[in-house]
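# A closer look at the structure
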Amino acid sequence: MTPDSATLLDSLRSAVGSDHVLTDADLRASYETDWSRRWHGEALAVVRPASADEVAAVVRACAATGVAIIPQGGNTGLVGGSVPRTHATRPQVVVSTLRLRELEPVDLLAGEVTVGAGATLGMLQAHVRPAGFGFGVDLGARDSATVGGMVATNAGGIHVLRYGPMRMQLVGIEAVLADGSIVRRLPGMLKDNTGYHLPSLLAGSEGTLAIITRVRLRLVPLLPRRAVALLALDGTAAAVTLAGALRSSLPSLAAAELFFDEGLALVLRRGGGERPFREEHPAYLLLEVESRVDPTDELAAAIDAAGEVVRDAVLASDGPGRERLWHLREGHTEAINAEGVPHKLDVALPLGRLAGFVDRVRAAVKEAAPSAACYLYGHVCDGNLHIGVIGPPAEDEGVDAAILRLTIEMGGTISAEHGIGVAKVDWLEADRSGADVAAMRAIKRALDPAGLLNPGVIFRE
Ligand code: FAD
Ligand code: MLT
Ligand code: ZN
């Protein structure tokens, strides 16, 4: 250990207490590898502050020694941004937000709540439910993903078609900047046009501009009655058209999720369960409706009205039945991960091109990696397709490049909801214009001139 490292560790211990500076390799391990196991790096320490002031002291200590800071929440991110870099040019410290978990009382008049960045989505949902509220963003990693991480990635998930992504739920923020100063504006007022909106800037900043410590969020009315249907369709084009039509004809529509038979078979093989339909079909569309009154009849009527495009359908209103159907979609992520270290891509296409993309991306994967297994699934109303490829070694980027090249060629975006992370740094400039990237770099330089916060994420170091 260098004298600088020893000094830093002393400062970190006095900032947060010795128990919360983890230097032992076994204790650091789960913070050093990402959820997909594709990215890994070594940290000098994992630090677990319990307040914004402690985070600020940690940041100042790292800044004084030029040590890089890797902010981390639930470590469920899928682009490698939450763990230390393998080929880091300087020592790195992981700053875990998991002790920043305070849940303040729900503001019933404003329909808002302020919570610590380290609270999980599941904790937030359980906290606001008794007050008659729900939260507009939901996703499969709800029991581990933190609110701060979700803001930092501008997470999307299954309800974007109704409420938008994380940025649209964000009213206020408290965050520690790279110089250790704390910006704090948690106003409880939806209207606040006093200059630049820092919450919007930090949403999607992936830990490169600040460490988020608390957030003020908008809530949505709790819609406790639900029904789920799984439809068997002719293909992606039918799913896109039907889901698009249902956006206006089925006002209770809350989720519309697409998947295919390869993924369904894998989920059943890995997780057990019965096939929902006797035959295989070209595409499956899972629909969820939510309302204050039982929306089952409304959903059934919409399926009937869709006519012959629906080859087969199953519908569930009871909790276990709904969960069984959701598992067929949400189970994809775990099932693919269980097959090996996945190449995970998360793209979005203009809706009119999604079906063409599905055909072409399968062919592109086959050409780049002929023996690979390829699983497609996603949030159809957002044009958002996830592509999980198993086979090529983690460090072989051929298949990733083939998919991203096709996405850009077809006018899509290389990241719909997971971010750029380290996974796509080399692709940012192919997706965004030179002027866009220059403006982003200027913001980064202004707020973090020494490049301490999450170096190598969004921009190559
Ligand atoms: P982490 O993984 O810890 O970090 C993610 C990024 O945010 C990193 O760059 C990190 O440095 C930064 N960061 C974390 N906390 C802070 C903070 N307080 N301040 C500043 N920067 C911070 N994502 C979706 O968008 N939609 C989905 O439907 C979805 N489903 C998923 C399902 C599964 C099973 C899994 C494993 C992941 C899924 N994800 C999904 C991805 C992931 O859950 C989200 O990206 C989530 O927002 C990450 O939250 P986290 O707390 O785990 O962040
Ligand atoms: C999902 O929608 O399931 C997630 O974004 C995670 C994934 O891409 O597997
Ligand atoms: Zn997703």
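Above this text you will find the structure in question.
Residues numbered from 1 in each chain as written. Chains lettered and ligands numbered in written order. Predicted model: local features only at pLDDT ≥ 70, side-chain atom pairs only at ≥ 80, totals over all residues. Heavy atoms only, no water.

### Considering the environment of Asn-75
Here is the rule: Secondary structure elements are defined from DSSP: runs of H or I of at least 4 residues count as helices, runs of E of at least 2 residues count as strands, and each element is numbered from the N terminus. Residue burial is assigned from relative accessible area. The probe radius is 1.4 Å, only protein chains are included, and a residue is buried under 20% of its type maximum, exposed over 50%, and partly exposed in between. Distance and chemistry together define a polar contact, namely a pair of N or O atoms within 3.5 Å, with one atom able to donate a hydrogen and the other to accept it when in protein, and with adjacent residues in sequence counting only for side-chain atoms on both sides.
Within the fold, Asn-75 resides in the loop between strand E3 (68–72) and strand E4 (92–96). A relative accessible area of 10% places Asn-75 in the buried class. Taking C-alpha positions, Asn-75 is 8.5 Å from Thr-33, a pair spaced 42 residues apart along the chain. At a separation of 3.2 Å, a polar atom in the side chain of Asn-75 contacts the main-chain carbonyl oxygen of Ser-30.

### Some points on the pattern of salt bridges
Under the convention used in this document: Salt bridges are defined as contacts in which a side-chain nitrogen from Lys or Arg sits within 4 Å of a carboxyl oxygen from Asp or Glu.
Counting across every chain of the model gives 26 salt bridges. For the salt bridge of Glu-32 with Arg-28, the shortest nitrogen-to-oxygen distance reads 2.7 Å. A residue pair is termed a helical-turn pair when its members lie 3 or 4 positions apart in one helix, as Glu-32 and Arg-28 do in helix H2 (residues 25–32) at four residues. Here Glu-32 and Arg-28 have matching classes, each one buried.

### Structural notes on the environment of Ile-387
Applicable threshold: Every residue pair with non-hydrogen atoms within 4.5 Å of one another is taken to be in contact.
Note on placement: Ile-387 falls in strand E17 (residues 384–390). Residue Ile-387 is classed as buried on the basis of its relative accessible area, which comes to 1%. Taking the C-alpha atoms as reference points, Ile-387 and Val-361, separated by 26 residues in sequence, lie 8.9 Å from one another. The residues touching Ile-387, leaving out its near neighbours within four places in the chain, are His-343, Lys-344, Leu-345, Val-347, Phe-357, Val-361, Cys-374, Tyr-375, Leu-376 and Ile-403.

### Quick look at H2
Note the cut-off: It is the directions from the helix axis to the C-beta atoms that the arc portrays.
Taken residue by residue, H2 has Arg-28, Tyr-31 and Glu-32 as its buried positions. Considered in projection along H2, the buried side chains sweep an arc of 95° and stay on one side of the axis. In H2, the exposed positions that point more than 90 degrees away from the buried face belong to Asp-26 and Ser-30. Where H2 is buried, its residues contact strand E1 (21–22), strand E2 (45–47), E3 and E4. Sitting at the amino-terminal end of H2 is Asp-24, which places a side-chain oxygen 3.0 Å from the backbone nitrogen of Asp-26.

### Focus: unusual backbone geometry
The phi angle at Asn-75 is positive, at roughly 60°, despite the residue not being glycine. Positive phi, normally seen in glycine, also occurs at Asn-454, with a value near 50°. Assignment of secondary structure puts Asn-454 in the segment after helix H15 (434–447).

### Examining the sheet that holds strand E5 (residues 112–116)
Quick note on the threshold: Note on pairing: two strands pair once DSSP finds at least 2 bridges between them. Axes here mean lines fitted to C-alpha atoms, for a helix over just the part in contact, with angles spanning 0 to 180 degrees between N-to-C directions.
Across the sheet, four strands lie side by side as E5-E9-E7-E8; this open sheet has antiparallel pairing. Taken across any chain shown, the strands that pair with only one partner, and hence form the sheet edges, are E5 and strand E8 (182–185). Strand-to-strand, the axes of this sheet are offset by a mean angle of 20°, without reference to chain direction. Strand direction decides the pairing type here: strand E7 (residues 170–177) and E8, joined by four bridges, are antiparallel. Within the sheet, the bridge partner assigned to Glu-174 lies in E8 and is Arg-184. Along the sheet, helix H3 (residues 52–65) makes contact with E7, E8 and strand E9 (210–218), crossing E7 at roughly 40°.

### Quick look at the coordination of the zinc ion (ligand 3)
Applicable threshold: A donor here means an N, O or S atom no more than 2.8 Å from the metal, or no more than 3.2 Å when the metal is Na, K or Ca. Since water is not included, a site may seem to lack partners.
Coordination of the zinc ion (ligand 3) by the protein comes from His-379 (NE2), His-386 (NE2) and Glu-417 (OE), over a distance range of 1.9 to 2.1 Å. On the primary sequence, the residues serving as donors to the zinc ion (ligand 3) are separated as H-x6-H-x30-E. Note that His-386 is positioned in strand E17 and Glu-417 in the loop between helix H13 (398–409) and helix H14 (428–431), a separation of 31 residues in sequence. The exposure class assigned to Glu-417 is buried, which follows from its relative accessible area of 10%.

### A closer look at the site of ligand 1
The cut-off we apply is this: When at least one non-hydrogen atom of a residue lies within 4 Å of a molecule or strand, that residue is treated as near it. Each residue gets one label: Ala, Val, Leu, Ile, Met, Phe, Trp, Tyr, Cys and Pro are nonpolar, Asp, Glu, Lys and Arg are charged, and the others, such as Gly, are polar.
Around ligand 1, a shell composed of 36 residues is seen, among which Pro-71, Gly-73, Thr-76, Gly-77 and Thr-146 lie nearest. Separating an oxygen atom of ligand 1 from a backbone N or O atom of Gly-74 is a distance of 2.8 Å. For the shell around ligand 1, the elements supplying multiple residues, two or more each, are E3, helix H5 (147–152) and E9. No other element matches H5, which puts four residues into the shell around ligand 1. Here the residues of the shell around ligand 1 sort into 13 nonpolar, 21 polar and two charged.

### What to know about the pairing of E17
Burial analysis of E17 places seven of its seven residues in the buried class, which makes it a mostly covered element. Neither face of E17 is left uncovered, since the one carrying Asn-384, His-386, Gly-388 and Ile-390 and the one carrying Leu-385, Ile-387 and Val-389 both have all their residues buried. The sheet contact formed by strand E15 (residues 343–348) and E17 spans six bridges and is antiparallel. Its bridge partner being in E17, Asp-346 is matched across the sheet by His-386.

### So, the packing of aromatic side chains
For clarity, the cut-off: Each Phe, Tyr or Trp ring, with Trp reduced to its six-membered ring, pairs with another whose centre is within 6.5 Å; inter-plane angles below 30 degrees give stacked pairs, above 60 give edge-to-face pairs, and intermediate values give tilted ones. Whether a charge lies above a ring is judged from NZ of Lys or CZ of Arg, which has to be within 6 Å of the ring centre and within 35 degrees of the ring normal.
Here the structure, examined in full by the defined rule, presents two aromatic pairs. In textbook terms, an aromatic cluster arises when at least three aromatic residues are bridged by ring pairs, as seen for Phe-259, Phe-277 and Tyr-284. Sitting above the plane of the Phe-260 ring, Arg-362 keeps its charged end 4.6 Å from the centroid.

### Some points on the packing of helix H8 (residues 236–249) against helix H12 (residues 351–368)
The following threshold applies: Between 65 and 115 degrees an angle is taken as roughly perpendicular, under 35 as roughly parallel, over 145 as roughly antiparallel, and anywhere else as oblique. Two helices crossing with the near one rotated counterclockwise from the far one by less than a right angle form a left-handed crossing, whereas a clockwise rotation gives a right-handed crossing.
Between H8 and H12, the least distance of the axes is 8 Å, while the angle of their chain directions is 160°. Taken as axis vectors, H8 and H12 run roughly antiparallel relative to one another. Here H8 runs over H12; the crossing is right-handed. Along the contact surface, H8 presents Thr-236, Ala-237 and Val-240, while H12 presents Leu-351, Leu-354, Ala-355 and Val-358. Each residue belonging to the contact of H8 with H12 can be placed in one class, and the counts come to six nonpolar, one polar and no charged.

### A closer look at the pairing of E5
For E5, the buried fraction is high: five of the five residues fall into the buried class. Of the two faces of E5, both are covered, the one formed by Glu-112, Thr-114 and Gly-116 as well as the one formed by Val-113 and Val-115. Two strands pair when backbone bridges link them, and E5 and E9 are joined in this way by five bridges, in the antiparallel orientation. In the sheet register, Val-115 faces E9, and the bridge partner there is Val-215.

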